[in-house]
Amino acid sequence: MTVSQRPKAPAKAKYSLRDTLMSYAFLAPALILLALFTFYPLAYGSYLGFTEYGGARFGQGLPPKWIGLDNFRTLIADPLFLKSMVNSVKYLIIVPVLQLASLAVAVLVNKNLPGMAFFRAAYYVPVVTSISLAAVMWDWIYNKDGTLNWILTNAHLIAKDSTFGWLNNELTAFWAVMLVTFWRGFGYYMVLYLAGLQGIPEELEEAAVLDGANAWKRFWSITVPLMKPTILLCSLLSTIAALRVLEEVLVLTNGGPLNSTYTALMYVYSKAFQGFNFDYGLASAAGLVVAAVALLLSIINFRVFRDDTGGGK
Amino acid sequence: MSLVQQGAPARATSPSRKNRKWGRLVVRYVVLIAVLLFAVFPFLWTLAIAITDKHGGGSIYDFPDSLFPRAVTFRNFVEVYNQFSLGKYIWNSISITGLTVIGTLLVSALAAYPLARFKFPGRDFIFAVIIATLVLPGETTFIVNILTLNKLGLLGTHLGVVLPTIAGAFGIFLMRQAFLGIPQALIEAARIDGAKELTILTRIMLPLTKPSLAALGIFTLVGAWNAYFWPMLVLSSAPDKAPLSVAVLRLKGQFNYDPFNIAAGSLIMMVPVLLVFLAAQKLFMRGMEGAVK
């Protein structure tokens, strides 16, 4: 504890009044907005989860009434909520697939070959595409007469008279929505992995080549271990993103057909804002459940990918 | 077995190795092109539909004809612009995006300056709290924010869309990092000359951190222009104030919608973002990469 070199010396902090006032004046807009639109809703939304509130648009009816865990009991008894949660967990299947694909593509474009800059940029374009534009385009692709069915029938994978709309089919809609998430996501993670790859010293690769390691072996024994921090970050980001999928579902299927694409946040949204129930209490409770699961999955992610060699950041 | 094989190709090693190298290169490019098709096919098809003369007969589903329009026209763009008064929605998008970018830059720069440059009680705590917003689960915030906006009378206004989004940890953090990199001597010199803090911020700090400001501005611009869920929610009671992203989907939902016009309208929405992206591509990628390090 007797460390001598402490440049800040907090024991006798000398704050100038002028600096303090000025600092808070500059910070005021950010702090007020954060308090009003981030921290207050976090606290009040958590409270609402334990109340009966809503029934009228924007909660202009009765004030919130504390009902303890009743909302959570309602949720457990609601088959739609259970289906939404199962779907959200099922959506996590996308995480390893997306991460492996992004990493593989990143490895492919990481070489200094002609055209690589072009490929990188083109792969990133879906990332900067609005979800509404994605909805318009993929709707045509998934249509009964759309491109996907055209490709499949011409490849003789399905018969011409048995085509169907991929988003209207209870069995396929969920996966069709997931493919759009994949499409919009892989360029994003590719760039993150690319950054990680460029941090790997070239000498390591060269040494491995001299030792006779083939590409596959080099990938597993050099690339993957050194990329662990990036893989952790990406898998964490994509786990949370997968659990929070809402927009894709909303614009592509609105939860249908037969509720087969409902996700947890779609449930939160629809309870609060769709139809005429405006059940803000129940929706908030569902939001709390999703938040808890998100937290849990983040912790699991950290455990799985923790760098046990001690060399990580 | 291996002995036999090893003996024979002793002379042939070099060409066969070369072949294998070429083979690998070909495989690499084939895979990359396949991924490219997956990534950009939807855009190409939309573009093809948008410039197809719809009076030439045929539907958008005539493959592969619809991918290669025989008669090219730009009439769809004019038509969708006039029929759906797209100008109104374009203006809404510009208004929402402009307010968001200006607001974000302003709030972030103001907040970042003291966090980077001053000692004051509570500084580390405030910084920690701001960073914490990056990981706080916000699954219920949109519900309460709608209720708050309603109370403030901001529901159905562009300001209501913008205000909750402009104070973010990302912007404040980015600007703080930029400000930290500016030499203290420069600021001291300005103070000796009698400059006020606001002057130092606007005359010294901001000009010197233009690249960071530009990066933040472009990120915010693309995000705000493309945003769908939040503007849709806030403006659900004011359909005339909706941005393009919301309006385009509403067109698609219309009973007698015309895919050629929808494609044209969608492209009108995409073009600004695509131009910004192409111009600032390096910035984008580097900004993303910065997130890892």
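Since the model is a prediction, treat every value here as computed from it, not as a measurement.

S.K.: How do you make sense of a nonpolar patch on the surface when you look at a structure like this?
M.R.: On the surface, a nonpolar cluster with roughly 250 Å² of combined accessible area is contributed by A:Leu36, A:Tyr40 and B:Leu152. Relative to the helices and strands, B:Leu152 resides in helix α6 (residues 141–152). Judged by its relative accessible area of 47%, B:Leu152 falls in the partly exposed class.

S.K.: Quick question: what am I supposed to make of the interface of chain A and chain B here?
M.R.: A common way to state how big an interface is: give the accessible area lost once the parts meet. Each partner contributes residues to the interface: chain A has 95 residues there, and chain B has 90 residues. Summing both sides of the interface, chain A and chain B together bury roughly 8,300 Å²; the carbon and sulfur share of this comes to 78%. In terms of surface lost to chain B, no three residues of chain A exceed A:Phe26, A:Phe37 and A:Trp140, which account for 11% of the buried area on that side. Where chain A packs against chain B, one counts two salt bridges.

S.K.: Whenever I open this one, helix α5 (residues 123–132) of chain B confuses me. Can you help?
M.R.: In an α-helix, one full turn covers 3.6 residues, which means residues spaced three or four apart are oriented alike. Of the residues making up α5(B), those classed as buried are B:Ile126, B:Phe127 and B:Ile130. Angularly, the buried residues of α5(B) cover 100 degrees about the axis, an arc narrow enough to put them on a single face. Exposed and facing more than 90 degrees away from the buried side of α5(B) are B:Asp124 and B:Phe125. Elements that come into contact with the buried residues of α5(B) comprise α1 (17–48) of chain A together with α4 (86–117) and α8 (169–180) of chain B.

S.K.: Would you mind going over the packing of aromatic side chains with me for this structure?
M.R.: Aromatic rings in a pair are described by how distant their centres are and how their planes are angled relative to each other. Residue and element names in this part refer to chain A. Throughout the structure, instances matching the rule amount to 40 aromatic pairs over all chains. With a centroid separation of 5.4 Å and an interplanar angle of 10 degrees, the aromatic rings of tyrosine 40 and tyrosine 44 are classed as stacked. With a gap of four residues between them, tyrosine 40 and tyrosine 44 both fall in helix α1, about one helical turn apart. Both rings, one in tyrosine 91 and one in phenylalanine 174, keep their centres 5.6 Å apart while their planes meet at 80 degrees; by these two values the pair is edge-to-face. You can see tyrosine 91 sitting in the loop between α3 (79–90) and α4 (94–109) and its partner phenylalanine 174 sitting in helix α8 (residues 173–198), a full 83 residues away along the chain. Judged on exposure class, the residue tyrosine 91 and its partner phenylalanine 174 are both buried.

S.K.: Can you help me understand empty space enclosed by the protein in this one?
M.R.: Residues and elements named next belong to chain B. All chains considered together, the criterion is met by one cavity of 30 Å³ or more. By volume, the largest cavity amounts to about 30 Å³. Along its surface, the largest cavity is lined by Thr52, Asp53, Lys54, His55, Thr73, Arg75, Asn76 and Glu79. The class makeup of the residues in the lining of the largest cavity is no nonpolar, four polar and four charged.

S.K.: I'm lost on the nonpolar core in this one. Help?
M.R.: Within soluble globular proteins, side chains that are nonpolar generally end up buried alongside one another. Ranked by size, the top nonpolar core spans 182 residues in total, and within it A:Tyr123 and A:Tyr269 carry the most contacts. If one sorts the elements of this core by residue count, α8(A) sits on top with 15 residues. In terms of domain composition, this core takes at least three residues from each of domain 1 (35–77) and domain 2 (90–274) of chain A. Those residues in contact with A:Tyr123 that lie beyond four places of it in its chain are A:Val105, A:Val109, A:Phe186, A:Gly187, A:Met190, B:Leu32, B:Val35, B:Leu36 and B:Ala39.

S.K.: Would you take a moment to explain the UniProt feature "transmembrane region" (unreviewed entry) in chain B for this structure?
M.R.: All names here are of chain B. Per the UniProt record, "transmembrane region" (unreviewed entry) is annotated on residues 26–51, 89–113, 125–147, 153–174, 213–230 and 260–280. Measuring from the first to the last C-alpha atom of residues 213–230 gives 24 Å, for a span that is 89% helix and 0% strand. In this annotation, residues 260–280 is assigned 95% helix and 0% strand; the end-to-end C-alpha distance for the span is 30 Å.

S.K.: Even after reading the chapter, I still don't get the domain arrangement of chain A, so can you show me in this structure?
M.R.: As far as domains go, chain A holds domain 1 (35–77) and domain 2 (90–274). Taking only C-alpha atoms, the centre of domain 1 of chain A and the centre of domain 2 of chain A are 35 Å apart.

Quick notes on the rules
- Residues numbered from 1 in each chain as written.
- Chains lettered and ligands numbered in written order.
- Predicted model: local features only at pLDDT ≥ 70, side-chain atom pairs only at ≥ 80, totals over all residues.
- Heavy atoms only, no water.
- Patch = residues over 30% accessible without salt bridge, like charges linked within 9 Å, V, L, I, M, F, W, Y side chains within 5 Å.
- Areas by Shrake-Rupley, 256 points an atom, 1.4 Å probe, with all protein chains shown as cover.
- Salt bridge = Lys/Arg side-chain N within 4 Å of Asp/Glu carboxyl O.
- Helix = DSSP H or I, 4+ residues; strand = E, 2+ residues; numbered from the N terminus.
- Buried < 20%, exposed > 50% of the residue type's maximum accessible area, 1.4 Å probe, protein only.
- Contact = heavy atoms within 4.5 Å.
- Buried area = accessible area lost by both parts, 1.4 Å probe.
- Arc of directions from axis to C-beta.
- Phe/Tyr/Trp six-rings, centres within 6.5 Å; stacked < 30°, edge-to-face > 60°.
- 1 Å grid on protein atoms, 1.4 Å probe; cavity = no way out; pocket = protein on both sides within 12 Å on 5 of 7 lines; lining within 4 Å.
- Points joined across faces, edges and corners; volume = space filled by probe spheres on them.
- Nonpolar A, V, L, I, M, F, W, Y, C, P; charged D, E, K, R; others polar.
- Core = buried A, V, L, I, M, F, W, Y, C linked by side-chain atoms within 4.5 Å.
- Domains from an automatic or database assignment.
- UniProt positions renumbered as here; feature names shortened; annotations may be inferred.

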